[in-house]
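Commentary on secondary and tertiary structure
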Amino acid sequence: MKDPKQTGTEPHKRRPHYSGRYPKRFEEKYKELNPEKYQEQAEHVIAKGNTPAGTHIPIMVQEILDFLQIRPGQQGLDCTLGYGGHSTKMLEQLAGKGHLYSLDCDPIEIEKTTARLRGRGFGEDIWTPIKTNFANIDQVAADYGSFDFVLADLGVSSMQIDNPQRGFTWKADGPLDLRFDPQKGEPASQRLRSLTEDEFEGMLIENSDEPYAAQIAAEVFREMKRGEKFTDTFALRHAVETAVAASADLRGADRQELAEAQKKACARVFQALRIDVNSEFEVLYAFLEKLPHILKDGGRAAILTFHSGEDRLVKKAFKAGKKAGIYASISEDAIRPSRQEYYANPRSHSTKLRWAVRQTLP
């Protein structure tokens, strides 16, 4: 047999095998993971109200475009590139004139998205991806100039959630990591072991308003004393479910009520840890403080938030900016996804859109 390296051909790779009619594990969903090749399969998954594995459906696209009012020749900034859905739509509005800069601190996804958008014809003359955290928008503006429009989608990308190896979801077993940039900082498992019980309880309350914070913290640290290292997601999930099941206010609850309470608690605990590991509130504080200074006069900024803590910070910053005369106008109320979008993409259900327009100086 000839060596593939010598012939210049890649060896044939067999598709993943799985039991049952449909693949269940992330790595088995090879058609969903390659939507460009298997477009029909991806469309079938979306039509059922789901997101194809390893992809991301951009949220509130039309509402964002209606507000930003992008015109050819303008310069814009997408602070959270992700799968590139919003960037693609904004680039289409520029129609080959002007420039869009897109930021992402995830080294894995920015590489994939760059290749995808380059393949769609968005060259260096119109689009520049930058690997950096959006807390660094002042440096981006110093390098490239101020912006006519800015978008920040604060949600976690579906690609990160779906891949068990990233450790973002309690629904699949994998390493308890939760870092947007796995090359920097400490994983959630290490962070958790560095906390005291009181600190962990406080984190759960501050970052996700967890009603069972005390019980969950007690159970987690009880398990630690028994030798549990919490290196994987299912270990933490088990501790959360155990703590919730033992809570006094759930005694006598039927199986469905208990399962629902455990599900919501798991989601909140993983959210709280993710926020802490990635310093999300600190990053958002820095971004909101710098945002007015990178906008041109009359520049427009839109922000998508996904939980109450984020929304409170954005709302407060925009109101303070309006009062100080920095912003000419702001959204008085949060804009929510349409009912049609909610049903088509359930991951949009907690989304809120807020916007602000930079004051035009005389």
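These figures come from a predicted structure and were not determined experimentally. (Residues numbered from 1 in each chain as written. Predicted model: local features only at pLDDT ≥ 70, side-chain atom pairs only at ≥ 80, totals over all residues. Heavy atoms only, no water.)

**Remarks on the overall build of the chain**
Spelled out, the test is: Put simply, DSSP marks the helices as runs of H or I at least four residues long and the strands as runs of E at least two long, and each gets a number from the N terminus on. Partly exposed describes any residue whose relative accessible area lies between the buried limit of under 20% and the exposed limit of over 50%, with all areas from a 1.4 Å probe on protein chains only and scaled to the type maximum. Contacts: residue pairs with any heavy atoms within 4.5 Å of one another. In these tables, accessible area is a Shrake-Rupley quantity obtained with a 1.4 Å probe, and a residue counts as shielded only by the protein chains included in the view.
Each helix and strand in the chain was counted, giving 15 helices and 7 strands. For the chain, with 362 residues in total, the buried portion stands at 49%. Taking the contacts inside the chain whose residues are at least 6 apart along the sequence as the reference set, 70% of them involve residues at least 24 apart. Carbon together with sulfur atoms contributes 48% to the accessible area of the chain, which is approximately 18900 Å² in total.

**Focus on the packing of helix H6 (residues 137-144) against helix H13 (residues 280-294)**
Inclusion rule: Note on geometry: axes are C-alpha line fits, over the in-contact stretch for helices, and angles between N-to-C directions span 0 to 180 degrees. Small angles under 35 degrees read as roughly parallel and large ones over 145 as roughly antiparallel, with 65 to 115 read as roughly perpendicular and the rest as oblique. All residues other than Ala, Val, Leu, Ile, Met, Phe, Trp, Tyr, Cys, Pro, Asp, Glu, Lys and Arg, Gly among them, are scored as polar; the first ten of these are nonpolar and the last four charged.
Packing of H6 against H13 leaves a shortest axis separation of 9 Å and a crossing angle of 20°. Classified by the angle between their axes, H6 and H13 sit roughly parallel to one another. Residue-level contacts link Ile137, Asp138 and Ala141 of H6 to Phe287, Lys290, Leu291 and Ile294 of H13. When the residues that make up the contact of H6 with H13 are grouped by side-chain class, the tally is 5 nonpolar, no polar and 2 charged.

**Examining the nonpolar core**
Formally: To qualify as a nonpolar core, a set must consist of buried Ala, Val, Leu, Ile, Met, Phe, Trp, Tyr and Cys residues joined through side-chain atoms within 4.5 Å.
In terms of nonpolar packing, the biggest core is built from 36 residues, with Phe200, Ile216, Val220, Phe230, Leu236 and Val240 touching the most fellow members. Listed by contribution, the elements that provide at least two residues to this core are helix H8 (188-193), helix H9 (197-208), helix H10 (213-225), helix H11 (233-245) and helix H12 (255-277). With 8 residues, H12 is the single largest residue contributor to this core. If sequence neighbours within four positions are ignored, Phe200 has contacts with Leu192, Leu195, Ile216, Ala217, Val220, Phe221, Val269 and Leu273. Listed in part, the 31 residues of the second largest apolar core include Leu77, Cys79, Tyr101 and Phe287.

**A few points about unusual backbone geometry**
When glycine is set aside, most residues are seen to have a negative phi, and most peptide bonds are trans. Even without a glycine there, the phi angle at Ala95 is positive, about 55°. Relative to the elements of secondary structure, Ala95 occurs in the loop between helix H4 (85-94) and strand E2 (99-104). With relative accessibility at 52%, the residue Ala95 sits in the exposed group.

**Some points on the confidence of the model for the chain**
Stated formally: The predictor reports its confidence for every residue as pLDDT, a score running from 0 up to 100.
Per-residue pLDDT for the chain averages 86, and the proportion of residues at 70 or more is 83%. Overall, residues 22-35 carries pLDDT values under 50, and its contacts beyond four positions in sequence, including any with other chains, amount to 32 contacts. A low-confidence stretch, residues 42-53 stays under pLDDT 50, and its non-local contacts, those more than four residues away or across chains, total 27 contacts.

**Regarding the pattern of salt bridges**
Test applied: The working definition used for a salt bridge is a side-chain nitrogen of Lys or Arg within 4 Å of a carboxyl oxygen of Asp or Glu.
For the structure shown, the criterion picks out 14 salt bridges. Between Glu223 and Arg226 there is a salt bridge, and its shortest N-O distance comes to 2.9 Å. Salt bridges linked by common partners bring Asp311, Lys352 and Arg354 together as one network.

**Let's talk about H4**
Counted residue by residue, H4 has 7 buried out of 10 residues, so it is predominantly covered. Restricting attention to buried positions, one finds in H4 the residues Gly85, His86, Ser87, Thr88, Met90, Leu91 and Leu94. Just beyond H4, the residue with positive phi is Ala95, at close to 55°.

**Some remarks on the packing of aromatic side chains**
Rules: The rule is short: rings of Phe, Tyr and Trp, with Trp giving its six-membered ring, pair when the centres are within 6.5 Å, and they are stacked under 30 degrees, edge-to-face over 60, tilted in between. Any Lys NZ or Arg CZ found within 6 Å of a ring centre and within 35 degrees of that ring's normal is scored as a charge over the ring.
The final tally for this structure, using the stated rule, is 7 aromatic pairs. Ring geometry for Tyr101 against Tyr144: centres 4.5 Å apart, planes inclined by 35°, an arrangement best described as tilted. Highlighted residues: Tyr101 in strand E2 and Tyr144 in helix H6, separated in sequence by 43 residues. Relative to Phe221, the ring of Phe200 lies with its centre 6.4 Å away and its plane at 50°, an arrangement referred to as tilted. In this pair, Phe200 sits in helix H9 while Phe221 sits in helix H10, placing the two residues 21 residues apart along the sequence. Pairwise contacts between aromatic rings join Tyr101, Tyr144 and Phe147 into one cluster. For the cation-ring pair, Arg116 lies above Tyr83, with the distance from its terminal atom to the ring centre recorded as 3.7 Å.

**Points about the packing of H9 against H12**
Two elements in contact, H9 and H12, have axes separated by 9 Å at closest approach and are oriented at 95°. One element, H9, and the other, H12, form an angle in the roughly perpendicular class. Residue-level contacts link Phe200, Met203, Leu204, Asn207 and Ser208 of H9 to Arg268, Val269, Gln271, Ala272, Leu273, Ile275 and Asp276 of H12. Looking at the contact of H9 with H12, its residues break down into 7 nonpolar, 3 polar and 2 charged.

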